[in-house]
Structure formats: structure tokens, C-alpha cells
Amino acid sequence: MTLFSSPYPPYDPTDKTSFSYETVVKRWPIIITGVIDQLYKECHILSLESQTDDGHESTLDLEVKLSEGKNIIEKLSKLKYQMGRDHPLDPVRAIVDDGGSLVDVYNQELDRLAGQNKNTWFTAPWLFAELVKFFALRLLIDLVFL
């Protein structure tokens, strides 16, 4: 099921002179690195708090948060690695049915792109891959806050 068919071709990151190539190569890694850096800082603070007994939070609660933070950092690092090496885009699964994420439509489009050999970070249409990045970030957030 195609929701929309544009009369113009999508921006393509295979064109090294395009902004979409710049985005895939430079902007996305910077965004993911920024999120990883912030999470690392938060984990460091949690680690220091778990070593002091100030009575605000139990050590067990802090350790759970620290473990979640490390898990997210690991998954974001994997995502960044896959982006940089042009791995295939992964199908998305919804953790929470929010009524608006259109996961089935996304996965159908990913199957269509795979049939055209355009299902990797550098070959998929730029906007589609951009949405994949945000799906991945949303999935990590959903996993933590469930």
C-alpha cells in the first residue's frame, strides 16, 4: 500500500553532492553522538549518586536507572555503527500501540525498498531513513518508560 507517490524522485544519499549525503555522513552521527554523550554524563552522575547514601533514592533504583542508561548507550552505539557502515534498515516493531506510528506501513515500504535494493542507510530515500532514525530513538524511549 503506497500512501503517496511523488511526481519527483526522492532525495538520494547516493549522490555525494547532495545535502542528503551530508546528512547521512555527518549530521546523523553528530546527533546520535550527542545523545550518547548526554546519556553517558547522566550515567556518570547516577554512578556517583549510587556511591553516596544521601537518602534521596535507593541504591537499587539508581542501579536500575544506570543499567537502563548503559543499555540505551549500547543500542545507540550499534545504531550509529550500522548507519556508518551502510547496513540494511531494520524492520520496526511497536512496543506501545500509540495509534499513530504507522509501523505496518513503514515495514511494507521497507519491504518494497528491499526489492529495489534501496534498503540501507545510504541507499534508502533520505526522508525515509530519517524517519527510521527517529523510530529507533522512539523505540528506545518506549522501552525505558514502559
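The sections below set out a description of the structure shown in this document. What you see is a predicted model, and the numbers here were worked out from it, not measured in a lab. (Residues numbered from 1 in each chain as written. Predicted model: local features only at pLDDT ≥ 70, side-chain atom pairs only at ≥ 80, totals over all residues. Heavy atoms only, no water.)

Regarding the pattern of salt bridges
At step 1: Counted by the stated rule, this structure contains four salt bridges.
At step 2: One salt bridge in this structure joins Arg112 and Glu109, with 2.5 Å as the shortest N-O distance. Pair noted here: Arg112 and Glu109 are both in helix H3 (residues 103-115), with a separation of three residues, about one helical turn.
At step 3: With relative accessibility at 38%, the residue Arg112 sits in the partly exposed group.
At step 4: Connected through salt bridges with shared partners, the residues Arg27, Glu130 and Lys133 form a single ionic network. (Salt bridge = Lys/Arg side-chain N within 4 Å of Asp/Glu carboxyl O. Helix = DSSP H or I, 4+ residues; strand = E, 2+ residues; numbered from the N terminus. Buried < 20%, exposed > 50% of the residue type's maximum accessible area, 1.4 Å probe, protein only.)

Examining the packing of helix H1 (residues 19-51) against helix H2 (residues 59-84)
The relative placement of two packed helices comes down to the angle between their axes together with the axis-to-axis distance.
At step 1: At a minimum axis separation of 9 Å, H1 and H2 run at an interaxial angle of 160°. For the element pair H1 / H2, the angle class is roughly antiparallel. Between H1 and H2 the crossing geometry is left-handed.
At step 2: Of the residues that constitute the contact of H1 with H2, the class distribution is 16 nonpolar, six polar and five charged. (Axes fitted to C-alpha atoms, helices over the stretch in contact; angles between N-to-C directions. Parallel < 35°, antiparallel > 145°, perpendicular 65-115°, else oblique. Left-handed = near helix turned anticlockwise from the far one by under 90°. Nonpolar A, V, L, I, M, F, W, Y, C, P; charged D, E, K, R; others polar.)

A short note on the side chain of Ser20
At step 1: The residue Ser20 is located in helix H1 in this model.
At step 2: Exposure remark for Ser20: the relative accessible area of 0% places this residue in the buried category.
At step 3: Contact partners of Ser20, with chain neighbours within four places excluded, come to Tyr11, Asp12, Pro13 and Trp126. (Contact = heavy atoms within 4.5 Å.)

Considerations on the packing of aromatic side chains
At step 1: Under the defined criterion, the tally for this structure stands at seven aromatic pairs.
At step 2: Aromatic pair Phe19 and Trp126: ring centres 5.0 Å apart, planes at 70°, arrangement edge-to-face. You can see Phe19 sitting in helix H1 and its partner Trp126 sitting in helix H4 (residues 126-145), a full 107 residues away along the chain.
At step 3: We classify Phe19 as partly exposed; its relative accessible area is 38%.
At step 4: For Trp126, a relative accessible area of 16% corresponds to the buried category.
At step 5: Judged by centre distance (5.8 Å) and plane angle (75°), the rings of Trp28 and Trp121 are edge-to-face. Within this pair, whereas Trp28 is found in helix H1, its partner Trp121 is found in the loop between H3 and H4, the two being separated by 93 residues in sequence.
At step 6: Taking relative accessible area as the criterion, Trp121 reaches 2% and is therefore assigned buried.
At step 7: One aromatic cluster is present, formed by Tyr11, Phe19 and Trp126 through successive ring pairs. (Phe/Tyr/Trp six-rings, centres within 6.5 Å; stacked < 30°, edge-to-face > 60°.)

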